[in-house]
Amino acid sequence: MSLVIDALSWLLLVAGSAFCITGAVGLLRMPDFYTRVHAASVVDTLGAGLIVLGLALQAGLTLVSVKLLFIGGLLFFASPTATHALVRAALGRGVQPLLSDQEGESSKH
């Protein structure tokens, strides 16, 4: 049974790490602020959540796993809320999203 838990834990850790790396690449590749924030938000929530679950499985049924699950819950609720606040602040400051027809116009000139 321990081997199954270890394998599942490592699978979650590797998957969470892969999502975080994909998000980092997405931050570099996306064209504007809003798509970058979207990529970072989705990947941050999912990647960090998978990593926290993997670590909780490694810790077993201890106080450490309870603390990790509380951290995971905080990340699950705080990350989308912070992203929403960041995007609202950017909209309030006048940062305009890059629209698909704007890409076509800028390449014509």
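Residues numbered from 1 in each chain as written. Predicted model: local features only at pLDDT ≥ 70, side-chain atom pairs only at ≥ 80, totals over all residues. Heavy atoms only, no water.

Caption draft 1: Spotlight on the packing of helix α1 (residues 2-29) against helix α2 (residues 33-59). Relative to each other, α1 and α2 sit at 160°, their axes nearing to 8 Å. Taken together, the axes of α1 and α2 are roughly antiparallel relative to one another. Along this stretch, α1 crosses α2, giving a crossing that reads as left-handed. For the contact of α1 with α2, a count of residues per class yields 18 nonpolar, 7 polar and 2 charged. (Axes fitted to C-alpha atoms, helices over the stretch in contact; angles between N-to-C directions. Helix = DSSP H or I, 4+ residues; strand = E, 2+ residues; numbered from the N terminus. Parallel < 35°, antiparallel > 145°, perpendicular 65-115°, else oblique. Left-handed = near helix turned anticlockwise from the far one by under 90°. Nonpolar A, V, L, I, M, F, W, Y, C, P; charged D, E, K, R; others polar.)

Caption draft 2: Examining α2 more closely. Its 27 residues give α2 an end-to-end C-alpha distance of 38 Å, which sits within 8% of 39 Å, the value for a rise of 1.5 Å per residue. Every buried residue of α2 is accounted for by Y34, V37, A39, S41, V43, G47, A48, L50, V52, G54 and A56. Two residues or fewer past α2, G60 is found with a positive phi of approximately 80°. (Expected span 1.5 Å × (residues − 1). Buried < 20%, exposed > 50% of the residue type's maximum accessible area, 1.4 Å probe, protein only.)

Caption draft 3: Structural detail: a nonpolar patch on the surface. On the surface, M1, V4, I5, L8, L11 and L57 cluster together to form a nonpolar patch covering roughly 590 Å² of accessible area. The leading source of residues in the nonpolar patch is α1, at 4 residues. Among the secondary structure elements, L11 is positioned in helix α1. (Patch = residues over 30% accessible without salt bridge, like charges linked within 9 Å, V, L, I, M, F, W, Y side chains within 5 Å. Areas by Shrake-Rupley, 256 points an atom, 1.4 Å probe, with all protein chains shown as cover. Salt bridge = Lys/Arg side-chain N within 4 Å of Asp/Glu carboxyl O.)

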